[in-house]
Amino acid sequence: MAKTVRRVCILTGGGDAPGLNPVIRAFVKQGEALGLEIFGAEDGFAGLVENRIRRLTSTEVRGILPRGGSILGCSNRADPFQWVVGTPDGPRTEDRSAQVVERLRELAIDVLALVGGDGTMALGLRFAELGVPVVGVPKTIDNDLDTTDFTFGLDTAVGNATWAIDNLHTTAEAHDRVMILELMGRHAGWISLCAGIAGGADVILVPEIPYDIERVAAKIRARSEAGTPFSIVVVGEGAFPQGGEISTVERKLGRAPRLGGAGERLHALLADRVDHDIRVTVLGHLQRGGTPSAFDRLLGTRFGVRAAQLCAEGRTGRLVVLRGTTLRSVPLAEACANPKLVPADGELATAARAVGIELGA
Ligand code: F6P
């Protein structure tokens, strides 16, 4: 007979995404209603390794629905299997996973609920192999998990990026400039494509479509010749020119390379090809910060409720997902199988081209 689930521990792994607090709140409220005792690990997997695990009740989650960030804190570098420790000879990694499993056993945690992206779910799978029952909730502003149609956070990020494009429009027009806006998304162009279309950008460059710089320049010149001497160019941080490579700013032990520089590189490539003044804005973490949109609060709440239900039912090894307008769950192993990238000739890219946006190829 399946073991009765009494105690669960939730953590928010990876970078934060608007909607995490709605997930935590819903998970706690629904969990309590189902008779669960809820714990929260601080700063993602770091809390498990460093024994920073606290009790969560509905009192503690009151009022957090409109708050960005995560009341538990996040970490996108805490990996218990490759825990980075400082030594006189520089940093090295140690496997602390057994310590985590032991700590969860001591606390009598029956299920670990992980809210995170592909990296967090990959760690979840490894803990599942060590016998820890896991339930997953997908999270990323990048929207690059192919098992779910949407992750919370994307909508807020796209809203923030669209606001930025609207603002760039007026100053671009006043000065007859080319405004380059670099957006997040890592290897996926969802934020750039969605915000670029919503904001009426003239050029959108995404990682999935390596761009031909001559096409970009030609689009800007054509607009000028047609009497519109300014242009808005949105570039995903993972976008790169044909024959080129993704641009990174930092590589550190145990961490994914940090992307950056795509906007400045584009500036350099365009400088000799168009007559305009060019300015680059890197929107950065303004996309991720701030209050979650209504859509992200709603999706976060739905995910949190369903995750608590899966825990209570003992249906572990599963990831909550959104398919169309319906919540479902899929085996956790499917979560990281394939990244969800923008199809180069998909409906969204086709719509962009149809309204005259240059995608660079
Ligand atoms: O994966 C989410 C994300 O915001 C990416 O779009 C971006 O490249 C990365 O995280 C930034 O990470 P950090 O917060 O560590 O700079």
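Description of the structure in this document. All values reported here derive from a predicted model rather than from experimental measurement.

So, the layout of surface pockets
Any empty space left between atoms is shown by rolling a water-sized probe over those atoms.
Turning to step 1, where the next piece is worked out: In this structure, the largest pocket encloses a volume near 1,300 Å³.
Turning to step 2, where the next piece is worked out: Elements represented by at least two residues in the lining of the largest pocket include exactly helix H4 (118–129), strand S8 (178–183) and strand S12 (258–259).
Turning to step 3, where the next piece is worked out: Ranked by residues supplied to the lining of the largest pocket, first place goes to H4 with five residues.
Turning to step 4, where the next piece is worked out: Here the residues of the lining of the largest pocket are counted per class, giving 14 nonpolar, 18 polar and 16 charged.
Turning to step 5, where the next piece is worked out: There are two domains that each give the lining of the largest pocket at least three residues, and those are domain 1 (7–152 + 291–324) and domain 2 (156–287 + 343–354).

Looking at the packing of helix H6 (residues 190–199) against helix H10 (residues 347–354)
Angle between the axes and distance between the axes are the two parameters that describe a pair of packed helices.
Turning to step 1, where the next piece is worked out: Remark: H6 packs on H10, axes separated minimally by 11 Å, with the N-to-C direction vectors making an angle of 35°. Here the hand of the crossing between H6 and H10 comes out left-handed. Along its contact with H6, which presents Trp190, Leu193, Cys194 and Ile197, the element H10 presents Leu348, Ala349 and Ala352.
Turning to step 2, where the next piece is worked out: Residues of the contact of H6 with H10, tallied by class, amount to seven nonpolar, no polar and no charged.

Digging into helix H5 (residues 154–175)
Turning to step 1, where the next piece is worked out: Along its 22 residues, H5 runs 31 Å from first to last C-alpha, staying within 8% of the 32 Å computed at 1.5 Å per residue.
Turning to step 2, where the next piece is worked out: Looking at H5, one finds that the buried residues are Leu154, Thr156, Ala157, Val158, Ala161, Thr162, Ala164, Ile165, Leu168, His169 and Ala172.
Turning to step 3, where the next piece is worked out: The elements touched by buried residues of H5 are S8, H6, strand S10 (231–236), strand S13 (278–282) and helix H9 (294–312).

Comments concerning the sheet that holds strand S2 (residues 37–41)
Turning to step 1, where the next piece is worked out: Ordered by their spatial adjacency, seven strands build an open sheet running S3-S2-S1-S6-S7-S14-S15, and the pairing between neighbours is mixed. Both edges of this open sheet fall to strand S3 (53–56) and strand S15 (326–331), since each of them pairs with a single strand only. Going across the sheet, the axis of each strand differs from the next one's by a mean of 30°, ignoring polarity.

Here's the deal with the side chain of Asp16
Turning to step 1, where the next piece is worked out: Turning to its location among the elements, Asp16 is positioned in the loop between strand S1 (7–12) and helix H1 (20–33).
Turning to step 2, where the next piece is worked out: A polar atom in the side chain of Asp16 sits 2.9 Å from the side chain of Arg288.
Turning to step 3, where the next piece is worked out: The residues contacting Asp16, other than those within four sequence positions of it, are Gly69, Cys74 and Arg288.

Things to note about the site of the ligand
Turning to step 1, where the next piece is worked out: Taken together, Asn76, Ile141, Asp142, Met184, Gly185, Arg186, Glu237, Arg258, His285 and Arg288 make up the full set of residues near the ligand.
Turning to step 2, where the next piece is worked out: Backbone polar atom of Gly185 to an oxygen atom of the ligand: 3.0 Å apart, as the coordinates give it.
Turning to step 3, where the next piece is worked out: Glu237 is positioned with one of its side-chain polar atoms (N or O) 2.5 Å from an oxygen atom of the ligand.
Turning to step 4, where the next piece is worked out: When isolated, the ligand has an accessible area of 400 Å², and the protein chains bury 81% of it.
Turning to step 5, where the next piece is worked out: Under a 2 Å grid-point criterion requiring more than half of the atoms, the pocket assigned to the ligand is the largest pocket.
Turning to step 6, where the next piece is worked out: Classifying every residue of the shell around the ligand gives two nonpolar, three polar and five charged.

What counts, and at which threshold
Residues numbered from 1 in each chain as written. Predicted model: local features only at pLDDT ≥ 70, side-chain atom pairs only at ≥ 80, totals over all residues. Heavy atoms only, no water. 1 Å grid on protein atoms, 1.4 Å probe; cavity = no way out; pocket = protein on both sides within 12 Å on 5 of 7 lines; lining within 4 Å. Points joined across faces, edges and corners; volume = space filled by probe spheres on them. Helix = DSSP H or I, 4+ residues; strand = E, 2+ residues; numbered from the N terminus. Nonpolar A, V, L, I, M, F, W, Y, C, P; charged D, E, K, R; others polar. Domains from an automatic or database assignment. Axes fitted to C-alpha atoms, helices over the stretch in contact; angles between N-to-C directions. Left-handed = near helix turned anticlockwise from the far one by under 90°. Contact = heavy atoms within 4.5 Å. Expected span 1.5 Å × (residues − 1). Buried < 20%, exposed > 50% of the residue type's maximum accessible area, 1.4 Å probe, protein only. Pairing = 2+ DSSP bridges. Polar contact = N/O pair within 3.5 Å; in protein donor to acceptor, adjacent residues only side chain to side chain. Near = heavy atom within 4 Å. Areas by Shrake-Rupley, 256 points an atom, 1.4 Å probe, with all protein chains shown as cover. Sits in = over half its atoms within 2 Å of the grid points.

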